[in-house]
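Architecture and fold: a report
Below, each chain spelled out in residue letters.
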Amino acid sequence: MQTDIDPRNLIGRKAFDRNGTKIGTIDEVYLDDATGVPEWAAIRTGLFSRDAFVPLEPSELIEGTLQVPFDRSLIKDAPDFGVGRHLSPDQELQLYHHYGLDVASPPPLPDRDFGKLAGTEEAEA
């Protein structure tokens with residue numbers, strides 16, 4: 001998704017699934033803790049329904065509406081964490097897995113020689 005969009009401008013916009021079926025209206029936008037980039041949108045799926053979280057990264061803002069590249073049924077079955085609260089890293093991981101999105105692994109530690117293995121010391125002469 002475009003990263004230069006003000007998240008406040010997303011609230012109140014309509015959202016549609018990949019087939020063009022209306023999902024609902026964006027209630028809230030959640031920012032990444034480390035970067036401040038909009039990462040998730042909570043979409044109100046109906047008048048008496050709950051909010052469903054959708055990832056903003058593969059989604060697109062087209063002609064003033066959010067186009068989400070997933071089926072409505074998958075979106076409605078997303079884990080429900082309630083809105084108005086912070087998403088924990090574990091909750092975000094559950095959402096990424098629900099949508100089948102790869103989560104970036106932490107960078108590998110540098111390959112370093114931390115010393116000799118126990119029992120391999122050479123006798124000092």
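This text goes with the structure placed above it.
Residues numbered from 1 in each chain as written. Predicted model: local features only at pLDDT ≥ 70, side-chain atom pairs only at ≥ 80, totals over all residues. Heavy atoms only, no water.

**A few points about the overall build of the protein chain**
Across its full length, the protein chain carries two helices and six strands. Put simply, the protein chain runs from its N terminus to its C terminus through helices and strands in the order β-β-β-β-β-β-α-α. Counting every position in the protein chain, which comprises 125 residues, the buried fraction comes to 31%. Within the protein chain, residue pairs in contact and separated by at least 24 positions form 45% of the contacts whose partners lie at least 6 positions apart. By element, 52% of the accessible surface of the protein chain is carried by carbon and sulfur atoms, the whole surface being about 8400 Å². (Helix = DSSP H or I, 4+ residues; strand = E, 2+ residues; numbered from the N terminus. Buried < 20%, exposed > 50% of the residue type's maximum accessible area, 1.4 Å probe, protein only. Contact = heavy atoms within 4.5 Å. Areas by Shrake-Rupley, 256 points an atom, 1.4 Å probe, with all protein chains shown as cover.)

**What to know about helix α2 (residues 89-98)**
Along α2, the positions that sit buried rather than exposed are Gln 91, Glu 92, Leu 95 and Tyr 96. All buried residues of α2 project into a common sector of 140 degrees when viewed along the axis, lining one side. Seen from the open side of α2, the exposed residues pointing more than 90 degrees away from its buried face are Asp 90 and His 97. Tucked into the core, α2 has its buried residues touching β3 (38-44) and β4 (51-55). One or two steps after α2, the chain reaches Gly 100, where phi turns positive at roughly 70 degrees. (Arc of directions from axis to C-beta.)

**Focus on the pattern of salt bridges**
Summed over all chains, the structure comprises three salt bridges. As a salt-bridge pair, Arg 44 and Asp 27 come within 3.3 Å of each other at their nearest N and O atoms. You can see Arg 44 sitting in strand β3 and its partner Asp 27 sitting in strand β2 (residues 22-31), a full 17 residues away along the chain. Residue classification places Arg 44 among the partly exposed positions, given a relative accessible area of 29%. Since its relative accessible area comes to 29%, Asp 27 is described here as partly exposed. A salt bridge links Asp 51 to Arg 44, with the nearest nitrogen and oxygen atoms 2.7 Å apart. Of the residues examined, Asp 51 reaches a relative accessible area of 4% and is grouped as buried. Sharing partners across several salt bridges, the network here consists of Asp 27, Arg 44 and Asp 51. (Salt bridge = Lys/Arg side-chain N within 4 Å of Asp/Glu carboxyl O.)

**Side note on unusual backbone geometry**
The backbone of Glu 63 shows a phi angle near 50 degrees, a positive value even though the residue is not glycine. Positionally, Glu 63 belongs in the loop between β5 (60-62) and β6 (65-67). Note on Glu 63: relative accessible area 81%, which makes it exposed.

In short, geometric facts, not functional conclusions.
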